[in-house]
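Listed here are the chains, written in short residue letters.
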Amino acid sequence: MKYGGRFWAVSDKYLARVINIDNTPCNDEKRHLKMSTVPIGKFLRRLRIDYDERLFDMAKKVGVSSAFLSAVENGHKKASNPLINKISKIYNLTPSQKADLYDDVAISQQDLNLSAFSQEKQQAIIMFAIKFDGLSESQHNAIKRILEE
């Protein structure tokens with residue numbers, strides 16, 4: 001999209017930036033617009049692109065405001081279970097897509113409610129989180145394989 005001698009470019013990483021006509025980056029920092037980096041935002045944006053919809057269109061379909069949906073995509077608001085269920089139903093998501101959506105919601109919210117776990121399990125989860133950065137890549141991969149079973 002042309003904008004005053006420059007073009008908006010959107011990469012596959014959903015990072016929008018202004019580039020000059022000769023395809024060089026524009027150095028004006030105020031013109032750079034970092035779009036959503038939270039997983040739920042990427043999922044919803046891909047879904048909208050697949051359905052050739054704007055944010056406004058999706059928001060109207062699922063019964064929320066464009067501002068709220070934008071805040072969810074950008075990680076500023078949390079997506080409720082009813083909203084996620086509505087998106088799943090309206091867009092007829094496959095079981096795999098639903099699982100990805102729920103995973104993305106959990107990752108995006110970065111909140112974990114441990115109250116349903118026993119005290120012993122809560123301590124184990126907290127110790128794991130504290131020690132996680134100190135694990136090697138092979139240990140990360142081994143844990144990931146165990147968790148994916």
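Residues numbered from 1 in each chain as written. Predicted model: local features only at pLDDT ≥ 70, side-chain atom pairs only at ≥ 80, totals over all residues. Heavy atoms only, no water.

Student: Break down the overall build of the protein chain for me, with residues and values.
Tutor: Per the secondary structure count, the protein chain includes seven helices and three strands. Walking the protein chain from its N terminus toward its C terminus, one meets helices and strands in the order β-β-β-α-α-α-α-α-α-α. By residue count, 25% of the 149 residues in the protein chain fall in the buried class. Considering only residue pairs separated by 6 or more positions, the protein chain has 39% of its internal contacts joining residues 24 or more positions apart. (Helix = DSSP H or I, 4+ residues; strand = E, 2+ residues; numbered from the N terminus. Buried < 20%, exposed > 50% of the residue type's maximum accessible area, 1.4 Å probe, protein only. Contact = heavy atoms within 4.5 Å.)

Student: Just give me the short version of the packing of helix H1 (residues 39-50) against helix H5 (residues 95-109), but keep the residues and values in it.
Tutor: Packing of H1 against H5 brings their axes to within 7 Å, and their N-to-C directions diverge by 145°. For the pair formed by H1 and H5, the contact residues are Pro39, Ile40 and Phe43 on the first element and Gln97, Asp100, Leu101, Asp104, Val105, Ile107 and Ser108 on the second. In terms of residue class, the contact of H1 with H5 is built from six nonpolar, two polar and two charged. (Axes fitted to C-alpha atoms, helices over the stretch in contact; angles between N-to-C directions. Nonpolar A, V, L, I, M, F, W, Y, C, P; charged D, E, K, R; others polar.)

Student: Let's hear about the nonpolar core: which residues, and what values?
Tutor: One finds Ile40, Leu44, Leu47, Ile87, Tyr91 and Leu101 to be the most contacted residues of the largest nonpolar core, which totals 19 residues. Every element with two or more residues in this core is listed here: H1, helix H2 (55-62), helix H3 (66-73), helix H4 (81-90) and H5. When neighbours within four sequence positions are excluded, leucine 44 is seen to be in contact with Met58, Leu69, Val72, Glu73 and Ile87. (Core = buried A, V, L, I, M, F, W, Y, C linked by side-chain atoms within 4.5 Å.)

Student: Tell me what's going on with the packing of aromatic side chains, and back it up with residues and numbers.
Tutor: The way to describe two aromatic rings as a pair is by their centre distance and the angle between their planes. According to the stated counting rule, one finds two aromatic pairs in the structure shown. Seen from their ring centres, tyrosine 51 and tyrosine 91 are 4.9 Å apart, and the 80° between their planes marks the pair as edge-to-face. Within this pair, whereas tyrosine 51 is found in the loop between H1 and H2, its partner tyrosine 91 is found in the loop between H4 and H5, the two being separated by 40 residues in sequence. (Phe/Tyr/Trp six-rings, centres within 6.5 Å; stacked < 30°, edge-to-face > 60°.)

Student: An account of H1 is needed here, citing residue identities and associated values.
Tutor: The end-to-end C-alpha separation of H1 is 16 Å, in line with the 16 Å expected for twelve residues at 1.5 Å each. Listing the buried residues of H1 in full gives Ile40, Gly41, Phe43, Leu44, Arg45, Leu47 and Arg48. Looking at the buried residues of H1, the elements they touch are H2, H3, H4 and H5. The first or second residue beyond H1 is aspartate 52, which carries a positive phi of 55°. (Expected span 1.5 Å × (residues − 1).)

Student: Give me the lowdown on unusual backbone geometry, citing residues and values where you can.
Tutor: With phi around 55°, aspartate 52 is a residue other than glycine that occupies positive phi space. Inspection of the secondary structure puts aspartate 52 in the loop between H1 and H2.

Student: So, the confidence of the model for the protein chain: which residues are in play, and what are the values?
Tutor: Summary statistics for the protein chain give a mean pLDDT of 77 and a share of 73% for residues scoring 70 or more. Predicted confidence in the protein chain is weakest over strand E1 (residues 2-3), with a mean pLDDT of 40, and strongest over H2, with 94. In the predicted structure, residues 1-21 sits below a pLDDT of 50 and forms 49 contacts with residues beyond four places in sequence or in another chain. In this model residues 28-36 is a low-confidence stretch, pLDDT under 50, and it forms 21 contacts with partners more than four residues away in sequence or in other chains. (pLDDT = per-residue confidence, 0-100.)

Student: Which residues make up H3, and what values do they have?
Tutor: Every buried residue of H3 is listed here: Leu69, Ala71, Val72 and Glu73. Where H3 is buried, its residues touch H1 and H2. Of the residues one or two after H3, glycine 75 is the one with positive phi, at around 80°.

Student: Explain the side chain of arginine 48 to me, and be specific about the residues and the numbers.
Tutor: With respect to the helices and strands, arginine 48 occurs in helix H1. A distance of 3.0 Å separates polar atoms of two side chains, one belonging to arginine 48 and the other to glutamate 73. In contact with arginine 48, not counting residues within four places along its chain, are Glu53, Arg54, Leu55, Met58 and Glu73. (Polar contact = N/O pair within 3.5 Å; in protein donor to acceptor, adjacent residues only side chain to side chain.)

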